[in-house]
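Structural overview
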Amino acid sequence: MSETRSEPDVQEQTPEPEGSTPGKPVGSTPEKSVGGTPEGPEDGAPGPAGKGLGSRAPRFVRERRTLHLSWQVGVFVVGLAVVVAGVLMLVLPGPGWVVIFGGMAIWATEFVWAQLVLRWTKRKVTEAAHKALDPRVRRRNIILTGIGLVVIAALVLVYVVRFGLELPWNIKE
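Report on the accompanying structure.

About the cut-offs
Think of each chain on its own: its residues are numbered from 1, step by step along the sequence as written. For a predicted model such as this one, the threshold for reporting local features is a pLDDT of at least 70, and the threshold for listing and counting side-chain atom pairs is 80 or more; totals across whole chains, interfaces and linings nevertheless cover every residue. With hydrogens and water stripped out, all remaining heavy atoms of the structure feed into the side-chain values. What counts as a helix is a DSSP run of H or I of at least four residues, what counts as a strand is a run of E of at least two, and both are numbered from the N terminus. Using a 1.4 Å probe on the protein chains alone, a residue whose accessible area is under 20% of its type maximum counts as buried, one over 50% counts as exposed, and one in between counts as partly exposed. The contact definition used throughout considers only heavy atoms, calling two residues in contact when any of these lie within 4.5 Å. Only the protein chains shown count as cover for residues, and all accessible areas are computed by the Shrake-Rupley method using a 1.4 Å probe. Among buried residues, the Ala, Val, Leu, Ile, Met, Phe, Trp, Tyr and Cys ones that are joined through side-chain atoms within 4.5 Å form a nonpolar core. Helices are assigned an expected span. That span is 1.5 Å times one less than the residue count. Put simply, a salt bridge is a Lys or Arg side-chain nitrogen that is within 4 Å of an Asp or Glu carboxyl oxygen. Only centres within 6.5 Å qualify two rings of Phe, Tyr or Trp (six-membered ring in Trp) as a pair; their planes then separate them into stacked at under 30 degrees, edge-to-face at over 60, and tilted for everything else. To define axes, lines are fitted to C-alpha atoms, for helices over the stretch in contact only, and angles between the resulting N-to-C directions are given on a 0 to 180 degree scale. Note that the term roughly parallel is reserved for angles under 35 degrees, roughly antiparallel for angles over 145, roughly perpendicular for angles of 65 to 115, and oblique for everything else. Classification convention: Asp, Glu, Lys, Arg as charged; Ala, Val, Leu, Ile, Met, Phe, Trp, Tyr, Cys, Pro as nonpolar; all other residues, Gly among them, as polar.

The helix and strand tally for the protein stands at six helices and two strands. Starting at the N terminus, the α and β elements of the protein follow one another as α-β-β-α-α-α-α-α. For the protein, buried positions account for 17% of its 173 residues. Long-range pairs, those at least 24 residues apart, make up 41% of the contacts in the protein with a sequence separation of at least 6. In the form shown here, the protein has an accessible surface area of approximately 13800 Å², with 66% of it arising from carbon and sulfur atoms.

To continue, consider the nonpolar core. Formed by Val 75, Val 83, Met 104, Trp 107, Ala 108, Phe 111, Ala 114 and Leu 118, the largest nonpolar core amounts to eight residues. Elements with a contribution of two residues or more to this core: helix H3 (65–91), helix H4 (96–108) and helix H5 (112–132). For this core, the element with the highest residue contribution is H4, accounting for three residues. With residues near it in sequence (within four places) discarded, Phe 111 still touches Gln 72, Val 75 and Phe 76.

Another aspect to go through is helix H6 (residues 135–163). For H6, with 29 residues, the first-to-last C-alpha span of 42 Å sits near the 42 Å given by 1.5 Å per residue. Phi turns positive, to about 80°, at Gly 164, one or two residues after H6.

A word on the pattern of salt bridges. As enumerated under the stated definition, the model contains two salt bridges in all. A salt bridge links Lys 124 to Glu 127; the shortest N-O distance between them is 3.8 Å. On the criterion of helical spacing, the pair formed by Lys 124 and Glu 127 is a turn pair, its members being three residues apart in helix H5. Exposure remark for Lys 124: the relative accessible area of 38% places this residue in the partly exposed category. By relative accessible area, Glu 127 is classed as partly exposed at 42%. Residues Asp 134 and Arg 136 are paired through a salt bridge, measuring 3.5 Å at the closest nitrogen-oxygen approach. Among the residues examined, Asp 134 registers a relative accessible area of 24% and is labelled partly exposed.

Turning next to the packing of aromatic side chains. In the structure shown here, the tally under the stated rule is five aromatic pairs. With centroids separated by 5.4 Å and ring planes inclined at 15°, the aromatic side chains of Phe 76 and Trp 107 adopt a geometry described as stacked. Of this pair, Phe 76 sits in helix H3 while Trp 107 sits in helix H4, and the two are 31 residues apart along the sequence. Among the residues examined, Phe 76 registers a relative accessible area of 36% and is labelled partly exposed. Judged by centre distance (6.3 Å) and plane angle (85°), the rings of Phe 76 and Phe 111 are edge-to-face.

Now for H3. If you check H3, its first and last C-alpha atoms are 40 Å apart, about what 27 residues at 1.5 Å a residue would give, namely 39 Å. Of all the residues in H3, the buried ones are His 68, Gln 72, Val 75, Gly 79, Val 83 and Gly 86. Each element contacted by the buried residues of H3 is listed here: helix H2 (59–62) and H4.

Direction vectors running N to C along H3 and H4 enclose 170°, while the axes themselves pass 7 Å from each other. With respect to H4, the element H3 is oriented roughly antiparallel. The residues of H4 that touch H3, namely those facing Val 75, Phe 76, Val 78, Gly 79, Leu 80, Val 82, Val 83, Ala 85, Gly 86, Val 87, Met 89 and Leu 90, are Gly 96, Trp 97, Val 99, Ile 100, Gly 102, Gly 103, Met 104, Ile 106 and Trp 107. Here the contact of H3 with H4 is built from residues that sort into 16 nonpolar, five polar and no charged.

Take a look at the structure:
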């Protein structure tokens, strides 16, 4: 009986150059990912638009440490300004919560913690929307809204019967 010998794999014949990753082409550079490993995000879940966690800065910015740090400071300052404006809009006229979430979205372009907060918020809002669209919950909400409107109408009627169409600050008793 003759012994058959299989041909060795081409990869086994050529040694890998020092510092290269097996399985990667020799001329390729390892990818840098701020929020996870080069293979993917830390938690294994894809982020928005299929991307993992981490920096969304352009590659040339991420490759230079000083430039990337400056980029992060700039993103933080812009996001902070937007969040502060949103907090001010909670007491002043304006769409406060929308602006606050806009600032969080700005932070989420660079910081993993903000990406995680936005994911959690989106998940909770989606759960609340599904819960609100449940027929039993909708029926209950419609009934409670109707009762509230009847109570408000009764209070307005009592006020009008007692004081007429006079404004409250013009009533003299």
